[in-house]
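These are the residues of each chain, in order.
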Amino acid sequence: ICALLDSVYVSFYKGVAAMSGAMLLGSPDFIARARLAQGAMGGKGNTMIPYALHCQLQLRRSVPKFQSRFERLQQVVTLLSDPALGLSDVLRFDPPRPQAAMIHVYVKGESIEELEEAHSAAMNVSGVRLWNFLRGRGHSCSASPGSEFYFEWLMGEANSKVP
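Okay, so let's go over this structure. All values derive from a computational prediction rather than experimental measurement.

**Comments concerning the overall build of the protein chain**
Looking only at helices and strands, the protein chain has four helices and five strands in total. If you list the helices and strands of the protein chain from N to C, you get β-β-α-α-α-β-β-α-β. A principal-axis box enclosing the C-alpha atoms of the protein chain has dimensions of 50 × 35 × 35 Å. For the protein chain, with 163 residues in total, the buried portion stands at 25%. Residue pairs at least 24 apart in sequence account for 52% of intrachain contacts in the protein chain once pairs closer than 6 positions are excluded. Put simply, the protein chain has 16 plus and 14 minus side-chain charges, and the middle of one group is 13 Å from the middle of the other.

In structure tokens form, the structure reads like this:
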């Protein structure tokens, strides 16, 4: 897949649970320019060693679990997308079938505040938090009121174990 692109950015905090960090791949010239830009912003190799080591450790721990977490997210999205549940009026997934262990979930509502209030009430009853925060309307939504707002749903280690 990467051969089709000029450059690739791989995040290590989403799905791998590293402190922070990413891997940037590309041509030697592109990487040289990226290193110059990184250095100009204060990022030096010796200051990144703790992050790099943590990324490496977490990647080793996470890779064996990627497939099962991906399959679990596919199961949950299939279940929640079932027309018999009647959630399609308020909930949709982008893409409709997960291609990775993370997906964008769109929730319909008049405002972020209204949805956050409903989310808080549901958390108080169920003890389950669906999102940390709503990220706005997303790339596939109109700007009209009563629209959709989305959050990123990552099938992490903990929530992959929820029955």
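That covers the picture; the talk isn't over yet.
**Overview of the sheet that holds strand β5 (residues 148-154)**
The strand order β3-β4-β5 describes an open sheet built from three strands, whose pairing is antiparallel. The open sheet terminates on both sides in strands that have one partner only, identified here as β3 (91-94) and β5. Mean inter-strand twist for the sheet, computed between neighbouring axes without regard to direction, equals 30 degrees. Taken together, the seven bridges between strand β4 (residues 102-108) and β5 define a ladder with antiparallel strand orientation. When the bridges of β5 are listed, Ile103 appears paired with Trp153.

**Considerations on the nonpolar core**
Ile103, Val105, Phe151 and Trp153 are the most contacted members of the largest nonpolar core, which has 15 residues in total. Elements that contribute at least two residues to this core include exactly α3 (66-80), β4 and β5. The residues contacting Val105, other than those within four sequence positions of it, are Leu91, Arg92, Phe93, Phe149, Tyr150, Phe151 and Trp153.

**What about the pattern of salt bridges?**
If you walk through the whole model with that rule in mind, you get three salt bridges. Across the salt bridge formed by Arg92 and Glu148, the nearest N and O atoms sit 2.9 Å from each other. Of the two residues, Arg92 is situated in strand β3 and Glu148 in strand β5; the sequence distance between them amounts to 56 residues. In this structure Arg92 comes out as partly exposed when scored by relative accessible area, which is 26%. Relative accessible area serves as the criterion here: at 11%, Glu148 is assigned to the buried category.

**Looking at the packing of aromatic side chains**
Note on aromatic pairs: each is described by the distance of the centres and the angle between the planes. Under the defined criterion, the tally for this structure stands at three aromatic pairs. Ring centres 6.4 Å apart and planes at 25 degrees place the aromatic pair Phe93 and Trp153 in the stacked group. Here Phe93 is found in strand β3, whereas its partner Trp153 is found in strand β5, with 60 residues between them in sequence. Each of the two residues, Phe93 as well as Trp153, counts as buried. Measuring from centroid to centroid gives 4.9 Å for Trp131 and Phe151, while their planes differ by 40 degrees, and the two rings are tilted. In this pair, Trp131 is assigned in the loop between α4 (112-126) and β5 and Phe151 in strand β5, connecting sequence segments 20 residues apart. Both residues of the pair, Trp131 and Phe151, count as buried. Between the NZ or CZ atom of Arg92 and the centre of the ring of Tyr106, over which it lies, the distance is 4.2 Å.

**What to know about the side chain of Ser62**
Along the chain, the position of Ser62 falls in helix α2 (residues 45-62). For Ser62, the contacting residues outside a window of four places in its chain are Gly15, Val16 and Arg69.

Basis of the calculations
- Residues numbered from 1 in each chain as written.
- Predicted model: local features only at pLDDT ≥ 70, side-chain atom pairs only at ≥ 80, totals over all residues.
- Heavy atoms only, no water.
- Helix = DSSP H or I, 4+ residues; strand = E, 2+ residues; numbered from the N terminus.
- Buried < 20%, exposed > 50% of the residue type's maximum accessible area, 1.4 Å probe, protein only.
- Contact = heavy atoms within 4.5 Å.
- Lys, Arg positive; Asp, Glu negative; His and termini not counted.
- Charge placed at Lys NZ, Arg CZ, Asp CG, Glu CD.
- Pairing = 2+ DSSP bridges.
- Axes fitted to C-alpha atoms, helices over the stretch in contact; angles between N-to-C directions.
- Core = buried A, V, L, I, M, F, W, Y, C linked by side-chain atoms within 4.5 Å.
- Salt bridge = Lys/Arg side-chain N within 4 Å of Asp/Glu carboxyl O.
- Phe/Tyr/Trp six-rings, centres within 6.5 Å; stacked < 30°, edge-to-face > 60°.
- Lys NZ or Arg CZ within 6 Å of the ring centre and 35° of its normal.

Purely geometric stuff here, so don't read any function into it on its own.
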